[in-house]
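# Summary of structural features
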Amino acid sequence: NAGVTQTPKFQVLKTGQSMTLQCAQDMNHNSMYWYRQDPGMGLRLIYYSASEGTTDKGEVPNGYNVSRLNKREFSLRLESAAPSQTSVYFCASMKDGANYGYTFGSGTRLTVV
Amino acid sequence: QKEVEQNSGPLSVPEGAIASLNCTYSDRGSQSFFWYRQYSGKSPELIMSIYSNGDKEDGRFTAQLNKASQYVSLLIRDSQPSDSATYLCAVTGGGNKLTFGTGTQLKVEL
């Protein structure tokens, strides 16, 4: 079982460039999430998807878009990267019912210069 | 604003001692509580979950929950250098979403 797979692991972008972070899970989970983690700020929710075809904003959605392509895949897009988006991005999924907690992907370390 | 508060540390304990990590939360409606361990440069890993008041033990780990005081704690017995990591407290918010604390850095010294 691969669990939650994120690509790429590392990326450097120039200000204004765009990119898509990919996330796929093989656990048949309905719920998927994108978080960013910054020093001293903890994990902050960007967007989430409770099921295929639905997405909702989290705490820090500005500058991002998401697509829930199917039950397995949930991508995060930066349309015009800014230095403030330099961060570590984690995708996570969760089995239905809030008692199970998240399974996280390995993360993407993004630097915007 | 729903908040989860943790002391950032570092918390230093000698090898073999008990490490006590604490977390408070603001949303009285929270039902599920989790502890994640995160090694430097790695992703968070779920180590404990607790849903009812009282203690829950799993090996060297014990989670404690007091909903009246809005307090969750994690005890690590016989601390080992491999336990050195950042420990994240998380609680359920609205729907199937978790709100995380900023984490407590634990250092287990030889």
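In this report, we go over the structure that sits alongside the text. (Residues numbered from 1 in each chain as written. Chains lettered and ligands numbered in written order. Predicted model: local features only at pLDDT ≥ 70, side-chain atom pairs only at ≥ 80, totals over all residues. Heavy atoms only, no water.)

### Overview of the environment of Phe-90 of chain A
Residues and elements named next belong to chain A.
- For Phe-90, the location among the structural elements is in strand β9 (residues 87–94).
- Since its relative accessible area comes to 2%, Phe-90 is described here as buried.
- In this structure, the C-alpha to C-alpha distance between Phe-90 and Tyr-33, residues 57 residues apart in sequence, is 8.1 Å. (Helix = DSSP H or I, 4+ residues; strand = E, 2+ residues; numbered from the N terminus. Buried < 20%, exposed > 50% of the residue type's maximum accessible area, 1.4 Å probe, protein only.)

### Re the nonpolar core
- Trp-35, Val-72, Leu-74, Ile-76 and Tyr-87 of chain B are the most contacted members of the largest nonpolar core, which totals 23 residues.
- Of all the elements in the fold, those that place two or more residues in this core are β3 (19–25), β4 (33–38), β5 (45–50), β7 (61–66), β8 (71–76), β9 (85–92) and β11 (104–109) of chain B.
- Core analysis: the second largest hydrophobic core is formed by 20 residues, Leu-13, Leu-21, Cys-23 and Val-66 of chain A among them. (Core = buried A, V, L, I, M, F, W, Y, C linked by side-chain atoms within 4.5 Å.)

### Here's the deal with the sheet that holds strand β6 (residues 54–58) of chain B
Residue and element names in this part refer to chain B.
- With respect to topology, five strands assemble into an open sheet ordered β1-β3-β8-β7-β6, the strand pairing being antiparallel. Only two strands of the sheet have a single neighbouring strand rather than two, namely β1 (4–5) and β6.
- Bridge count between β3 and β8: six bridges; the pairing is antiparallel. Within β8, the position partnered with Cys-23 by the bridge is Val-72. (Pairing = 2+ DSSP bridges.)

### Topic: the environment of Phe-100 of chain B
- Tracing the chain through its elements places Phe-100 of chain B in strand β10 (residues 98–100).
- Between the C-alpha atoms of Phe-100 of chain B and Tyr-25 of chain B, which are 75 residues apart in sequence, the distance is 9.7 Å.
- Excluding residues within four positions of it along the chain, Phe-100 of chain B makes contact with Tyr-35, Leu-43, Tyr-102 and Phe-104 of chain A together with Val-4, Tyr-36, Leu-88, Cys-89 and Ala-90 of chain B. (Contact = heavy atoms within 4.5 Å.)

### Things to note about the state of the cysteines
- Tallied over the entire structure, the rule returns two disulfides over all chains.
- Here Cys-23 of chain A engages in a disulfide with Cys-91 of chain A; their sulfurs sit 1.9 Å apart. For the disulfide bridge between Cys-23 of chain A and Cys-91 of chain A, the dihedral angle about the S-S bond is near -70 degrees, and by the sign convention the bridge is left-handed. Here Cys-23 of chain A is found in strand β3 (residues 19–25), whereas its partner Cys-91 of chain A is found in strand β9, with 68 residues between them in sequence. The pair Cys-23 of chain A / Cys-91 of chain A is uniform in exposure class, with both members buried.
- Between the sulfur atoms of Cys-23 of chain B and its disulfide partner Cys-89 of chain B the distance amounts to 2.1 Å. Around the S-S axis, the bridge from Cys-23 of chain B to Cys-89 of chain B shows a dihedral of about -70 degrees and counts as left-handed. With a gap of 66 residues between them, Cys-23 of chain B in strand β3 and Cys-89 of chain B in strand β9 connect regions that are remote in the sequence. Here the two residues Cys-23 of chain B and Cys-89 of chain B agree in accessibility, since each one is buried. (Disulfide = S-S within 2.5 Å.)

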